[in-house]
Amino acid sequence: MDKFLVRKSEPLKGQIRVSGAKNSCLALMAASLLTDDPLELDNAPDLVDVRTMTRVLANLGVEISRTASGGLNLDSSRARGLKAPYELVSKMRASYYVLGALATRRGKAEVSLPGGCAIGQRPIDLHLKGLAMLGAEISTSGGYIYLRANRLRGARINLSGRYGSSVGATVNIMLAAVLARGKSVLEDSAAEPEIEDLAHLLNSMGARVSGAGSPVLEIEGVSELSGARHTVIPDRIEAATFAVAAALTGGTVAITDCRPAHLGAVTCLLESLGVNIEKGETTLLVRGGTPLAPFRIKTEPYPGFPTDMQAQFCALATQAQGKSVIEENIFENRTLHVPELARFGADIRVDGRKIIVKGPCRLSSAPVMASDLRASAALILAALVAEGTSEINRIYHLDRGYEHLEVKLARLGAPILRVSE
Ligand code: EPZ
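By the naming in an unreviewed UniProt entry, the chain goes by UDP-N-acetylglucosamine 1-carboxyvinyltransferase and is assigned to Candidatus Glassbacteria bacterium RIFCSPLOWO2_12_FULL_58_11. What UniProt records for the chain under Pathway (unreviewed entry) is the sentence "Cell wall biogenesis; peptidoglycan biosynthesis." The chain has a UniProt comment under Subcellular location (unreviewed entry) that states "Cytoplasm".

Next up, the structure:
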């Protein structure tokens, strides 16, 4: 198992390029099942989750290869498989995106239930409700979902759960509805940039999706889809993570190949704390160095403050000049980074849905353990401002969703080293 050794960093300086968005790429890959023509995805990040999705699709018979320019070629012309097995789905929940695509293309699917994870129960009731409303017959037994369907038919479906709209359910139902007979209306659908990116790809394949980026998606089903070439949008969470790293270390970092328009809630908050940010069309220049004001945030569906940046802002709050309050409203257990940040000496505690952080706090190095993808990033950020050398264990969590993060940070001057045990 690899770990990171991280020493207190000088202010980060330099430029980094943001990789393609994990949470878009996984959905786009599943769309390959909707056509026998080849699909080419440029800017597809090389991540563990993308490799797992590759295995899930290969298990169905999809032929996948990396292009010379680092993209992915996906060919489903000989794919006749119908099963996504437990050993793969348990590694990466988004494997369940094959459910909607297989339902509409093959009329049959056998997909392992994903189970929960460190940050919450993560049920998929909205996914199954939506597919049933499109006409699929669904049963579950032995930890598997069994789906049967003749040609799906369009329906009006509401995708809001107790925590607001569901990104995953919106993706799954989009993938199913594009080849259904008739029109579907997805109310309270997720409006994340990753949903827009999927709609963009589907329409370039011949689908008729409108309203992406708004809470109501309209999909006119078509009889077949063709191949396409598409560029995955930049990863807004990676870009935001680097912006926090610059603010935290008082550095000056140019973040390129990103989409500032996807980061409004994060850049607006950073500017309110005293961080200087210059925005271009595809670049962010982030200058830290002034004292950070404390803040209050609530995580919300897009365009609200993203839950995937909650842990990283807990690390930032340890250096703010006062008490910050971070409220997590999307996942019921996204607080496992709190006791680990406390090991660095942070004054941080959980109070119901709120995380209370008192700063500024002189952090000191400690061995800590990553519990999930974004918690890993938060621990690295804290270690960059902790006196001494910290050890961050179980960074396999990080490798799921950040492409060569330590290489990019080291390029900015961060004293971070990956050690393979
Ligand atoms: C996606 O997860 C992302 N993952 C998550 O990113 C992200 O945090 C999340 O959206 C919210 O933005 C991918 O895109 C692969 P949801 P997803 O369905 O689709 C509840 C990361 O770090 N819910 O929008 O699973 C659910 O339990 C990951 O990159 C139901 O109740 O999230 C949660 O509380 C973490 N029933 C809330 O809705 C359902 O059927 C939002 O979940 C589905 C979800």
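Draft legend 1. Quick peek at the domain arrangement of the chain. Per the domain assignment, the segments making up the chain are domain 1 (2-19 + 234-420) and domain 2 (22-231). Centre-to-centre, using C-alpha coordinates, domain 1 lies 30 Å away from domain 2. With 26 residues of domain 1 in contact, the opposing surface of domain 2 contributes 21 residues. Buried area between domain 1 and domain 2, summed over both chains or domains, comes out near 2,000 Å², and the portion from carbon and sulfur atoms is 51%. On the domain 1 side of the interface with domain 2, the three residues burying the most area are Tyr302, Glu332 and Arg400, jointly 29% of the side's total. There are two salt bridges connecting domain 1 and domain 2. Where Glu194 meets Arg236, a salt bridge forms, and the shortest distance between an N and an O atom there is 2.8 Å.

Draft legend 2. Main features of the sheet that holds strand β23 (residues 354-358). In space, the four strands of this open sheet follow the order β20-β21-β23-β22, with mixed pairing throughout. Both outer strands of the open sheet, β20 (296-298) and β22 (347-351), are each paired with one neighbouring strand and no more. Direction aside, neighbouring strands of the sheet carry axes that sit 15° apart on average. The sheet contact formed by β20 and strand β21 (residues 323-327) spans three bridges and is parallel. Each residue of the ladder has a partner; that of Arg296, found in β21, is Val325.

Draft legend 3. The pattern of salt bridges, seen in detail. Evaluation of the coordinates by the stated rule reveals 24 salt bridges. In this structure, Lys408 engages Glu238 in a salt bridge whose closest nitrogen and oxygen atoms are separated by 2.5 Å. Of this pair, Lys408 sits in helix α14 (residues 405-411) while Glu238 sits in helix α8 (residues 236-249), placing them 170 residues apart in sequence. A salt bridge links Glu327 to Lys354; the shortest N-O distance between them is 3.6 Å. Here Glu327, found in strand β21, pairs with Lys354, found in strand β23; they are 27 residues apart in sequence, far enough to count as distant. Take Lys354: its relative accessible area is 31%, and that puts it in the partly exposed class. Three or more residues joined by partner-sharing salt bridges are found here, namely Asp2, Asp399, Glu406 and Arg418.

Draft legend 4. Structural detail: the side chain of Ser189. Assignment of secondary structure puts Ser189 in the loop between β13 (183-187) and α7 (193-204). Of note is the side chain of Ser189, whose polar atom sits 3.5 Å from the backbone oxygen of Ser214. Residue contacts for Ser189: discarding those within four places in its chain leaves Leu159, Ser165, Thr170, Ser214, Pro215, Val216 and Leu217.

Draft legend 5. Structural context of the pairing of strand β4 (residues 63-66). As defined by bridge partners, β4 adjoins strand β5 (residues 72-75) across four bridges and the pair is classed as antiparallel. Residue pairing in the sheet places Ile64 in a bridge with Leu74 of β5. The hairpin turn running from β4 into β5, its antiparallel successor, is five residues long, and Gly70 in that turn takes a positive phi close to 90°.

Draft legend 6. Quick look at the UniProt feature "active site" (unreviewed entry) in the chain. Within this structure's numbering, the places UniProt gives as "active site" (unreviewed entry) are Cys117. Considering the arrangement of structural elements, one finds Cys117 in the loop between β7 (108-112) and α5 (125-133). A residue is classified by how much of its surface remains accessible, and Cys117, at 32% relative accessible area, is partly exposed.

Draft legend 7. Main features of unusual backbone geometry. Residue Pro303 follows Tyr302 across a cis peptide bond; omega there is 10°. If you trace the backbone, Pro303 turns up in the loop between β20 and α10 (310-317). Cis geometry marks the peptide bond from Gly359 to Pro360, where omega comes out at 0°. By the element assignment, Pro360 lies in the loop between β23 and β24 (363-364). In this structure, Asp188 is a non-glycine residue whose phi angle is positive, near 55°. Positionally, Asp188 belongs in the loop between β13 and α7.

Draft legend 8. Inspection of the site of the ligand at higher detail. What surrounds the ligand is a group of 22 residues, the closest being Asp125, Ser166, Gly168, Asp308 and Ile330. Side-chain polar atom of Lys22 to an oxygen atom of the ligand: 3.0 Å apart, as the coordinates give it. At a separation of 2.4 Å, an oxygen atom of the ligand approaches a polar backbone atom of Ile330. When the ligand sits alone it has 820 Å² of accessible area, and the protein chains cover 91% of it. Secondary-structure elements contributing two or more residues to the shell around the ligand are α1 (22-30), α5, α6 (167-177) and α12 (373-383). Take the shell around the ligand: its biggest share by element is three residues, from α5. Class assignment of the residues belonging to the shell around the ligand gives a composition of 10 nonpolar, six polar and six charged. Looking at which domains feed residues into the shell around the ligand, each of domain 1 (2-19 + 234-420) and domain 2 (22-231) gives three or more.

Draft legend 9. Highlighting the sheet that holds strand β8 (residues 137-141). Taken in spatial order, the four strands line up as β6-β7-β9-β8 in an open sheet, and their pairing is mixed. Edge positions in the open sheet fall to β6 (83-84) and β8, since each of these has one partner strand only. Looking at chain direction, β8 and strand β9 (residues 144-148) are connected through five bridges and run antiparallel. Looking at the pairing, Ile138 lines up with Leu147 of β9. Seen against the sheet, helix α4 (residues 97-105) touches β6, β7 and β9 and runs at an angle of roughly 170° to β7.

Quick notes on the rules
Residues numbered from 1 in each chain as written. Predicted model: local features only at pLDDT ≥ 70, side-chain atom pairs only at ≥ 80, totals over all residues. Heavy atoms only, no water. UniProt positions renumbered as here; feature names shortened; annotations may be inferred. Domains from an automatic or database assignment. Contact = heavy atoms within 4.5 Å. Buried area = accessible area lost by both parts, 1.4 Å probe. Salt bridge = Lys/Arg side-chain N within 4 Å of Asp/Glu carboxyl O. Pairing = 2+ DSSP bridges. Helix = DSSP H or I, 4+ residues; strand = E, 2+ residues; numbered from the N terminus. Axes fitted to C-alpha atoms, helices over the stretch in contact; angles between N-to-C directions. Buried < 20%, exposed > 50% of the residue type's maximum accessible area, 1.4 Å probe, protein only. Polar contact = N/O pair within 3.5 Å; in protein donor to acceptor, adjacent residues only side chain to side chain. Near = heavy atom within 4 Å. Areas by Shrake-Rupley, 256 points an atom, 1.4 Å probe, with all protein chains shown as cover. Nonpolar A, V, L, I, M, F, W, Y, C, P; charged D, E, K, R; others polar.

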